[in-house]
Amino acid sequence: MSTATRIYRGLSRKEHAGWIIGLTPVQAFVCVGLAVPVILALAAGQFGRALLLGAVCGTAATLVVVPVRGRPALRWLGHLLLYRAGIVLGWSRWQSRAVTGQTTDLDEPDLPGVLARLRFPDGPPLRDVGRVCLIHDTGDGRWGATARLTHAGVGMLSDAQCERLANRLGNLLLSIGHREVIDRMTLLVRTVPDDGADYQAWRAEHDVPDAPALARQAAEELDRLVGAVSVRHEVFVTLTGTEDALRRPAAAAGGGVAGRAAVLYRVLDGLEDKLKSLGATAVKWLSGPELAVVIRTGFNPASAAGLAARRHRAGTEVGVRWATAGPVHAPAPSTRAYYHDGFATVSYSVLMPEAGTMFGSLGGLLAVKTAGERRSLAIHYETLSQHRSRKAVRRLRFRTGVVRDWKSSKGFNSGAAEAREAGGARAQEHAVAAGHGIVRFAVAAAVTIPDTWNVEDHAAKLENDIAGRFQLLRMELAQDAGFVAAVLPVGVGLPRLRGGAS
């Protein structure tokens, strides 16, 4: 039986579309202010002065209104000034306290950049899986936890299987939207350059001294040909909720970290089966030392070999102390890349195509082309409550209706894009009225290589791999924050919805 391929459309719509000819109120106010001197000069009959003012004010209005690579020129200028100020004042330079001998508590996190605002308290034991590390974002006021998924991927699945997974992912997000405790989920996949440490350890344990020489020779040749280019995939899911949503039930559960953990655990237990329905064969909620390992190998992929060797020697999972989870040294990030522990990472925001996309189509971003390269892809979801969803669709339908009616009253025809947006607004309103929800999302991708390699070459390869399907917007001036959003499963990566914190 054939199955029609589902195409997700309307994903490229702006979250905050302007009300006044697509402008925000601030942009419209500035444009009106710039037009006043020109109008006054015309009213006074000073046409030469009006022409000069028109050229100056028109240029300024263009800088305010026209976006260049996602940001208007004045916003670029503001971000550049902040970036330069951070470098001059030393805000962006970072060095591990453990290296300088200043560490007094090895269990205290010592992480750079936006990670400095995170706290990682251990919660009480969860069933028989032990203690789970909670992620407390003191900046955004959020609590969450991260799990490692064992998943075979979707690259070899049929269209029908992808359709089933897409339905189950939608049900999972709808289930999250109906819960009051959590509202965000991050799916993060990153490749791991397979240096063969696990395989070498296994071979050392199972070596047969009297094996035929020809068999040994063939095995060594396969190791050289296949092992050098093989990669593994790590899959993580992070679920977070706001402090506002957790405060009252946590107080009823005893308060403090233990109370928040108890409330989160109830939700995590209920979602574990839904995560397995997405194809995960195992869901392992990470403890503090295990999450520290994930962060450590995120900054330094080469450290995975040493940790794997320790794991094989110990015969069980080994962790990292929080004081050593970060990089040893992170210089001030350049405008287009982030350097950390002898590696360089280039991060992108992935923009959705106007024509729509299909389930699993982002997999091309994880296709490693060079041995030693690492690629990462993170999808951040936030489910809006039914109340906020209804407000959002009403606002969208009203705005599109006002624009269409005004054009009709003036004798203008609506364009195809406006007609499609109006139809989409009506369809969304009907869907929300039928019990569906609205999901905000952001997609980040990154490529990490040794810093002795040519960074721009590998960044260009990543862009070429997805050219024609998605647009990659390089996170210039914010590469350190982009690294956290794309590579580390700590639930950071989706900005707060303006005006919708409640």
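Residues numbered from 1 in each chain as written. Predicted model: local features only at pLDDT ≥ 70, side-chain atom pairs only at ≥ 80, totals over all residues. Heavy atoms only, no water.

**So, the nonpolar core**
The biggest cluster of nonpolar side chains holds 54 residues, and the ones touching the most others in it are Ile182, Met185, Leu239, Trp285, Val350, Leu362 and Leu365. The leading source of residues in this core is helix H9 (residues 256–277), at eight residues. With residues near it in sequence (within four places) discarded, Val350 still touches Leu362, Leu365, Val443, Ala444, Ala445, Phe470, Gln471 and Leu472. In terms of nonpolar packing, the next biggest core, distinct from the first, is built from 34 residues, Leu291, Phe483, Ala485 and Leu488 among them. (Core = buried A, V, L, I, M, F, W, Y, C linked by side-chain atoms within 4.5 Å. Buried < 20%, exposed > 50% of the residue type's maximum accessible area, 1.4 Å probe, protein only. Helix = DSSP H or I, 4+ residues; strand = E, 2+ residues; numbered from the N terminus. Contact = heavy atoms within 4.5 Å.)

**Concerning a positive patch on the surface**
On the surface, a cluster of positive charge is made up of Arg390, Lys391, Arg394 and Arg395. Summarising the element assignment, Arg390 is placed in helix H12 (residues 386–409). For Arg390, a relative accessible area of 38% translates into the label partly exposed. (Patch = residues over 30% accessible without salt bridge, like charges linked within 9 Å, V, L, I, M, F, W, Y side chains within 5 Å. Areas by Shrake-Rupley, 256 points an atom, 1.4 Å probe, with all protein chains shown as cover. Salt bridge = Lys/Arg side-chain N within 4 Å of Asp/Glu carboxyl O. Lys, Arg positive; Asp, Glu negative; His and termini not counted. Charge placed at Lys NZ, Arg CZ, Asp CG, Glu CD.)

**Quick notes on helix H15 (residues 479–487)**
Residues spaced three or four apart along an α-helix point in a common direction, a consequence of the helix completing one turn every 3.6 residues. Most of H15 is tucked away, with seven of its nine residues classed as buried. By the burial criterion, the buried members of H15 are Gln479, Gly482, Phe483, Val484, Ala485, Ala486 and Val487.

**Concerning the packing of aromatic side chains**
A complete count under the given rule lists three aromatic pairs for this structure. With a centroid separation of 4.2 Å and an interplanar angle of 15°, the aromatic rings of Phe120 and Trp322 are classed as stacked. Of this pair, Phe120 sits in the loop between strand S5 (118–119) and strand S6 (122–125) while Trp322 sits in the loop between helix H11 (303–314) and strand S13 (329–330), placing them 202 residues apart in sequence. With respect to burial, Phe120 and Trp322 carry one shared label: buried. Aromatic side chains Phe299 and Phe483 sit 5.0 Å apart centroid to centroid with 40° between the ring planes, which places their arrangement in the tilted category. One end of the pair, Phe299, is in helix H10 (residues 288–299); the other, Phe483, is in helix H15, and 184 residues separate them in sequence. In terms of burial, Phe299 and Phe483 fall into one category: buried. Of the aromatic side chains, those joined through ring pairs into one cluster are Phe299, Tyr338 and Phe483. The cationic tip of Arg71 hangs over the ring face of Trp76; the distance from NZ or CZ to the ring centre is 3.8 Å. (Phe/Tyr/Trp six-rings, centres within 6.5 Å; stacked < 30°, edge-to-face > 60°. Lys NZ or Arg CZ within 6 Å of the ring centre and 35° of its normal.)

**Re H9**
Look at H9: 33 Å from first C-alpha to last across 22 residues, which is about the 32 Å you get at 1.5 Å a residue. At Leu271, H9 is deflected by roughly 35°, the largest bend along its length. For H9, the full list of buried residues reads Gly259, Arg260, Ala261, Val263, Leu264, Tyr265, Val267, Leu268, Leu271, Glu272 and Leu275. Just beyond H9, the residue with positive phi is Gly279, at close to 105°. (Expected span 1.5 Å × (residues − 1). Bend = angle between axes of the 7 residues up to and from the residue.)

**Section: unusual backbone geometry**
Notably, Asp341 is not glycine yet its phi reads approximately 55°, a positive angle. Relative to the elements of secondary structure, Asp341 occurs in the loop between strand S14 (338–340) and strand S15 (343–351). With relative accessibility at 16%, the residue Asp341 sits in the buried group.

**Focus: empty space enclosed by the protein**
Taken as a whole, this structure holds one cavity of 30 Å³ or more when the rule is applied. Within this model, the largest cavity holds a volume of roughly 40 Å³. Mapped onto the lining of the largest cavity, the elements with two or more residues apiece are strand S8 (135–137) and strand S9 (142–151). Here the lining of the largest cavity gets three residues from one element, more than from any other, and that element is S9. Each residue belonging to the lining of the largest cavity can be placed in one class, and the counts come to three nonpolar, three polar and two charged. (1 Å grid on protein atoms, 1.4 Å probe; cavity = no way out; pocket = protein on both sides within 12 Å on 5 of 7 lines; lining within 4 Å. Points joined across faces, edges and corners; volume = space filled by probe spheres on them. Nonpolar A, V, L, I, M, F, W, Y, C, P; charged D, E, K, R; others polar.)

**Quick word on the environment of Gly326**
Tracing the sequence through the fold places Gly326 in the loop between H11 and S13. We classify Gly326 as buried; its relative accessible area is 7%. For Gly326 and Thr297, which are 29 residues apart along the polypeptide, the C-alpha to C-alpha distance reads 9.1 Å.

**With respect to the side chain of Asp341**
From its side chain, Asp341 meets the backbone nitrogen of Val328 in a polar contact 2.7 Å long. If we skip the residues at most four places from it in the chain, Asp341 touches Arg296, Phe299, Asn300, Gly326, Pro327, Val328 and His329. (Polar contact = N/O pair within 3.5 Å; in protein donor to acceptor, adjacent residues only side chain to side chain.)

**Overview of a nonpolar patch on the surface**
A contiguous nonpolar patch, built from Leu63, Leu74, Leu77 and Leu81 and spanning about 370 Å² of accessible area, is present on the exposed surface. With three residues, the single largest contributor to the nonpolar patch is helix H3 (residues 73–88). When you line up the elements, Leu81 lands in helix H3. On the basis of relative accessibility, which here comes to 54%, the residue Leu81 falls in the exposed class.

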